[in-house]
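Spelled out from the first residue to the last, the chains are:
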Amino acid sequence: MAFANVVALLCFLATSIFTVEGEVRRFPDTISFGVATASYQVEGAWNVSDKGENIWDRFTHTTDSIRDRSNGDVACDSYNQHRRDIEMLKELGVDYYRFSISWTRILPDGFSNRLSQDGIAYYNTLINDLLEANITPYVTIYHWDLPQRLQDLGGWANPMMADYYTDFAKVAFEAFGDRVKHWLTFNEPWVICYQGYGMIEKAPALDMSGIADYLCGHSLLKAHAKAYHLYDDVYRPTQNGRIGWTLNTNYHEAASQSPADREAAERAMQFELGWFGHPVFSSEGDYSQILKDRVNQKSSEQGYPRSRLPEFTSEEVAYLKGTCDFFGLNHYSTNFVRMPTMALKSSKVSFDDDLGVEKFVDPAWPGSEADWLKVVPWGFRNLLNWIRNSYNSPEIIVFENGFPDRDDKDDVDRINYYNGYMNALLDAMEDGCNVTAYTAWSLMDNFEWSDGYTQRYGLYHVDFNDPMRTRTPKASAMYYKSILETRTIERD
Ligand code: GBH
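Caption draft 1: Just the overall build of the protein, in detail. Counting secondary structure elements, the protein contains 17 helices and 15 strands. The C-alpha extent of the protein, read off along each of the three principal axes, is 85 × 60 × 45 Å. Burial statistics for the protein: of 492 residues in total, 60% are counted as buried. Taking as baseline every contact in the protein between residues at least 6 positions apart, the subset at least 24 positions apart corresponds to 77%. Entry remark: accessible area of the protein is about 19500 Å², with carbon and sulfur atoms responsible for 52%. Looking at charge distribution, the protein has the averaged site of its 46 positive side-chain charges lying 1 Å from that of its 70 negative ones.

Rendered as structure tokens:
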């Protein structure tokens, strides 16, 4: 009977929308889902064939800066096990896989006059096998593994890097662009420059904060714009892909609603996300006024003849503006920011001194294996809205979001993290943020930079004591899979 059918249908709908545990929310059909990795963190095969040495090979082999004294020589062995990786991607049901290209694997000397056929073949096979599995490749051209020879020339502090980088990008477009339609020029410029040139946290560990970090950022911005324009002018007309980059940031929430604290929080946003975001995404372009003013004023107080932050010419400002087809975002956590009560004395020249704010976290926020990573889902929602308001409602793609464990397969904390952050994502979308894709970091446990293998972000566990590097799904893998399958998530 028709009436009974209607009742049955309504009951079915009611139980599928409202489970006993709570309300279920649906993701719009416009959003796609993926997972990410990066070459040095997963590939291993560090000296196979003619691969050249990069700065992470050098850093891990010659310093004791890695917490467990490990390295990426073998890592997840994905160079030999990409088929297993693809099985996992299929099991998860992702739409796309974000991976990066190891520069010295395809250009052993860093320069584009000599190509490694084996290196090119490796990525060709990976890309072809992904496409065959119906998984879209998203390619990061540079995820931190600079050729050591280019580092010897000053790395990103050398203005010539804009050309060398663009040569490398050109090789990638030529070799893979017939099949790769999603490109990222850089992963996290802020981390590259702040942690690699300003601190000792990451290779090349220059430790020249307030100087080298700004030089790095300056030529990196130019490198990005040059590669973008190359793609836009030469490759887009025939290859029809999209290109941007992905910027990391904590969300910086004002500690109070006082004008001073709000100013401090906005300044922190402008120093972190805005350092690279403002020149590309703001309507006026260039570094933000607040960044220019702060560094300029500090520099002159400190007796420098010019600002430690280099300047762009007006041609360069125009050349940089709009050089992303979308806003790529890597986000993990949030902190509070307040204006220091006493003016901090400019004792030591540094990026943080230029910024001049105090950051702290709420001790009640749940933590993780990483001391900096607190679980604050509402910060993600606020951040997405900050981007919407500051940069004229761009299309946003979340390229990383994730949570570290120590060595755990029953990873309830990670499930809670994803549940909170994916709910916050939906909240932001309901606020009007145009988010079109979301990426979990990471597909599997991998080499976590200076934390070695002590912090694990994987949906899949990797046994690093096993020569086979056996992968096992964690509980969170099944959780993410079910979200992708049903396109729903339980309201938190
Ligand atoms: C990403 O970096 C990387 O792209 C990826 O390769 C890496 O494996 C993953 O995240 C996990 O770490 O609270 O001020 O001390 C994340 C970079 C690390 C940048 C934490 C900010 C701490 C800021 N972020 N860092 S603070």
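From this point, the discussion proceeds with the structure in view.
Caption draft 2: Structural view of the site of the ligand. In the vicinity of the ligand there are 16 residues, among which Gln41, Asn187, Glu188, Glu400 and Glu448 approach most closely. In the model, an oxygen atom of the ligand is placed 2.8 Å from a nitrogen or oxygen of the Gln41 side chain. Between the ligand and the protein, one listed contact pairs an oxygen atom with a side-chain N or O atom of Glu400 at 2.8 Å. Surface burial for the ligand is 84%, taken as the share of its 580 Å² of free accessible area covered by protein chains.

Caption draft 3: Here's a closer look at the sheet that holds strand β10 (residues 358-360). If you walk across this open sheet you meet the three strands as β7-β9-β10, and the pairing is mixed. Edge positions in the sheet fall to β7 (251-254) and β10, since each of these pairs with one other strand and no more. Taken pair by pair, the neighbouring strands of this sheet meet at an average axis angle of 40 degrees, ignoring direction. On top of the sheet, helix α11 (residues 259-281) reaches β7 and β9 (334-338); it is set at about 170 degrees to β7, its chief contact. Packing of helix α15 (residues 377-390) onto the sheet brings it into contact with β7 and β9, and relative to β7 it is tilted by some 95 degrees.

Caption draft 4: Representation of the environment of Ala205 within the structure. Relative to the assigned elements, Ala205 resides in the loop between α9 (189-196) and α10 (212-239). Exposure remark for Ala205: the relative accessible area of 22% places this residue in the partly exposed category. Setting aside anything within four residues of it in sequence, one finds Ala205 in contact with Phe59, Gly196, Met199 and Ile200.

Caption draft 5: Representation of the state of the cysteines in the model. Here the structure, examined in full by the defined rule, presents one disulfide. With a sulfur-sulfur separation of 2.1 Å, Cys193 is cross-linked through a disulfide to Cys216. Residues Cys193 and Cys216 are joined by a disulfide whose S-S torsion is about -70 degrees; by sign, that bridge is left-handed. Taken together, the residues Cys193 in helix α9 and Cys216 in helix α10 connect sequence positions 23 residues apart.

Caption draft 6: Representation of empty space enclosed by the protein. Tallied over the entire structure, the rule returns four cavities of 30 Å³ or more. As a volume, the largest cavity reaches approximately 90 Å³. Val42, Tyr97, Phe99, Tyr122 and Leu126 are the residues nearest the centre of the largest cavity, which is lined by 14 residues in total. At the level of secondary structure, the elements contributing two or more residues to the lining of the largest cavity comprise α2 (39-42), α4 (78-92), β3 (96-100) and α6 (117-132). Counted by class, the lining of the largest cavity contains seven nonpolar, five polar and two charged residues. Along the walls of the second largest cavity sit Ile55, Trp56, Tyr142, Trp144, Trp156, Val191, Ile192, Tyr197, Lys202, Ala203 and Pro204, which together make up its complete lining. Counting residues per element, the ones that place at least two in the lining of the second largest cavity are α3 (55-62) and α9. Residues that form the lining of the second largest cavity fall into these classes: ten nonpolar, no polar and one charged.

Caption draft 7: Inspection of the packing of aromatic side chains at higher detail. Following the criterion strictly, the structure yields 58 aromatic pairs and no others. Aromatic pair Trp144 and Trp449: ring centres 4.6 Å apart, planes at 45 degrees, arrangement tilted. In this pair, Trp144 is assigned in the loop between β4 (136-142) and α7 (148-152) and Trp449 in the loop between β12 (434-441) and β13 (460-462), connecting sequence segments 305 residues apart. Both residues of the pair, Trp144 and Trp449, count as buried. Three or more aromatic residues joined by ring pairs make a cluster, and in this case those are Tyr40, Trp56, Phe59, Trp144, Phe447, Trp449, Tyr453 and Phe464. Of note, Arg308 hangs over the ring of Tyr304, and the distance from its end group to the ring centre comes to 5.5 Å.

Caption draft 8: Molecular detail of the side chain of Asp411. For Asp411, the position within the fold is in the loop between β11 (395-400) and α16 (412-431). A polar side-chain atom of Asp411 sits 2.7 Å from a polar atom in the side chain of Arg414.

Caption draft 9: Looking closely at the nonpolar core. Counting 150 residues, the largest nonpolar core has Trp156, Tyr165 and Trp183 as its most contacted members. Top contributing element to this core by residue count: α10, with twelve residues. Residues Tyr96, Tyr138, Leu184 and Ala437 belong to the second largest nonpolar core, which totals seven residues.

Cut-offs used in this document
- In every chain, residue numbers begin from 1 and rise along the written sequence.
- Per-residue local features are limited, in this predicted model, to residues with pLDDT of at least 70; the limit for side-chain atom pairs, both in listing and counting, is 80 or more; totals at the level of whole chains, interfaces and linings are taken over all residues.
- The side-chain quantities take in all heavy atoms of the structure and omit both hydrogens and water.
- Strands are runs of DSSP state E lasting at least two residues, helices are runs of H or I lasting at least four, and both sets are numbered from the N terminus onward.
- Note on classification: 1.4 Å probe, protein chains only; a residue is buried when its accessible area is under 20% of the maximum for its type, exposed when over 50%, partly exposed between these limits.
- Contacts are assigned to residue pairs with any non-hydrogen atoms lying within 4.5 Å of each other.
- Only the protein chains shown count as covering a residue, and every accessible area follows the Shrake-Rupley method with a 1.4 Å probe.
- Positive charge is attributed to Lys and Arg, negative charge to Asp and Glu, and no charge count is given to His or to the chain ends.
- In plain terms, the charge of a residue is placed at NZ if it is Lys, CZ if Arg, CG if Asp and CD if Glu.
- The cutoff for a nearby residue is simple: one of its non-hydrogen atoms must lie within 4 Å of the molecule or strand.
- The term polar contact refers here to a pair of N or O atoms within 3.5 Å; inside protein, the definition further demands a hydrogen-donor-capable atom paired with an acceptor-capable atom, and it admits residues adjacent in sequence only when both atoms are side-chain atoms.
- DSSP-based pairing: two strands are paired if at least 2 bridges between them are found.
- Axes here refer to lines fitted to C-alpha atoms; in helices the fit is confined to the stretch in contact. Angles between the N-to-C directions go from 0 to 180 degrees.
- Cysteine sulfur atoms are paired as a disulfide whenever they fall within 2.5 Å.
- With a 1 Å grid spanning the protein atoms alone, the term cavity applies to any set of points in which a 1.4 Å probe fits but cannot get out, the term pocket to an open set with protein on both sides within 12 Å along at least five of seven lines, and the term lining residue to any residue with an atom within 4 Å of a point.
- Grid points are joined across faces, edges and corners, and a volume is the space filled by probe spheres set on the points.
- Here the nonpolar group is Ala, Val, Leu, Ile, Met, Phe, Trp, Tyr, Cys and Pro; Asp, Glu, Lys and Arg are the charged ones; every other residue, Gly included, is treated as polar.
- Each pair of aromatic rings taken from Phe, Tyr and Trp, with Trp reduced to its six-membered ring, is defined by centres within 6.5 Å and is described as stacked if the planes are under 30 degrees apart, edge-to-face if over 60, and tilted in the remaining cases.
- To sit over a ring, a charge needs its Lys NZ or Arg CZ within 6 Å of the ring centre and within 35 degrees of the ring normal.
- What is meant by a nonpolar core is a set of buried Ala, Val, Leu, Ile, Met, Phe, Trp, Tyr and Cys residues, joined one to another through side-chain atoms within 4.5 Å.

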